[in-house]
Amino acid sequence: MIEVQHLTKAYGNQIAVEDLSFTIPNGQIYGLLGPNGAGKSTTMNILTGCLAATEGEVHIDGYDIFEDAEKAKSRIGYLPEQPPLYLDCTPREYLTFVARAKKVPEREISMHILDIMEKTGVEDVADRLMKNLSKGYKQRVGIAQALVGDPEIIILDEPTSGLDPQQIIEIRDLIRDLGTDHTIILSSHILSEVENLCDNVMIISRGRLMACDSPANLAEMFRGTTTIRLIVDGDGETVQKILEGVDGLTGIETAPEKEGRTAVRIDSDSRDSDEISKNVFFAFSQAGTPVLQMTMDHVDLEDVFVELTDQESLDETKTSNSNSETEEEELS
C-alpha cells in the first residue's frame, strides 16, 4: 500500500507538487494523468525516493520513504521515462548487475533473471548488446530491471513513449499481466491507454490532485448534458411536434437531409441517458415516424481530463488577473 500525505515539492518560488494526498491499495493499476509540467514525474521520483520532498510524507507498506529508505525502496521497482540502461552490456549482464545491487542472493540470481526475461519477453535477445536492440526491446529490458527483486509495487513513467503501434500493444499486454501480481502506477499521455489499463485514475494539474476514481465513475461524475443524434424519416415540423411530448429535453435542433429525412440533435440535462433515449425512441414509434439512425454522445476520460485541466488553467488565469489588478490599484 502507498500512502501519501500533504506532499509538496518546491524549487525556489516554483511549486512543482502542492499538497498531494492519496492512498493506493495493493493489487491495483493506477494511472497518473496530467498535462506537461503537471508534476507527474516529480511525484513519481518522490514516491521512489529519488527526490526529496519539501513537505509531506510517503509511506510504502508502512515504511517512510525518507526515514526507512532501504526498506521502502526494496518494495518498489521503477522505470523512469528514460530507461537506465548500460548499452554496452547485454540484458543478461545488466539484469545480473541490478540483481546484485538489489541484494538478491547470489545462488538465486540466475533463475530469477531467467524468469524475469521470460516474463518480459527478452530471453531471445538476452545475450545481444543493448545498443543494438530496438526501442521496444530496450523498453522491455527497462521494465525487466524494475521487476528484479520481485517488488510489490511497480512504478512506470511513460512506459510506451516512443514505441510503434505494435510495440505499444505488446507493452500494454505485459503491464496488464504484471497487474495480476503487482500494484502498478503508470503515467501516460495516451488517455485511451490509461482508460483501458487502469482500475483507477489520478488527474494532476499544476501539481494539485484534481480527481481520483475509476474511469467509469469519473465519466459519470462529470457527465452533464446528454446529447442524442437522430436521422428521422420525416420533416422538421413533424419531428418538433413529436419531441414536444417528451419530458426532460432542453434543446432540439433539426436540419433537412436528403429524401425528406431530418437530422436531429437533442440535448437533455438528465444523467439517465438510457431513459431519455428510450422515451425519444418510443415517441417516434408511437407517432409512426421511423428512426433510421440513433447515436448518443458519451463522456469519456478525455472529456473529464480536458474539463478538469482547462478549469484549473482558467482559475490560474483569473487569480493572475486579480493579482495584477490589485498591484495596479496599489501603484495608483
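Right above here is the structure, for reference.
A few points on the structure. (Residues numbered from 1 in each chain as written. Predicted model: local features only at pLDDT ≥ 70, side-chain atom pairs only at ≥ 80, totals over all residues. Heavy atoms only, no water.)

### A short note on the pattern of salt bridges
Enumeration over the complete set of coordinates arrives at twelve salt bridges. The residue Lys131 makes a salt bridge to Asp88 at a minimum N-O spacing of 3.5 Å. Here Lys131, found in the loop between α4 (106-120) and α5 (135-147), pairs with Asp88, found in the loop between β6 (76-79) and α3 (91-101); they are 43 residues apart in sequence, far enough to count as distant. Between Asp173 and Arg176 there is a salt bridge; the shortest N-O distance is 3.1 Å. With Asp173 and Arg176 both in helix α6 (residues 165-178) and three residues apart, this pair spans about one turn of that helix. (Salt bridge = Lys/Arg side-chain N within 4 Å of Asp/Glu carboxyl O. Helix = DSSP H or I, 4+ residues; strand = E, 2+ residues; numbered from the N terminus.)

### Things to note about the environment of Leu85
Topologically, Leu85 is positioned in the loop between β6 and α3. As a C-alpha pair, Leu85 and Val141 span 56 residues in sequence and 8.1 Å in three-dimensional space. Beyond its immediate stretch of four places on either side in the chain, Leu85 contacts Tyr94, Met130, Lys138, Val141 and Gly142. (Contact = heavy atoms within 4.5 Å.)

### Comments concerning the sheet that holds strand β13 (residues 262-268)
With antiparallel pairing, the four strands of this open sheet are ordered in space as β12-β13-β11-β14. Looking at which strands have only one partner, the edges of the open sheet turn out to be β12 (249-256) and β14 (291-297). Pairwise comparison of adjacent strand axes, ignoring direction, gives a mean angle of 15° for this sheet. Taken strand by strand, helix α9 (residues 236-243) contacts β11 (226-232), β12 and β13, and its axis lies near 165° from that of β12. (Pairing = 2+ DSSP bridges. Axes fitted to C-alpha atoms, helices over the stretch in contact; angles between N-to-C directions.)

Just distances and angles here, no functional claims.
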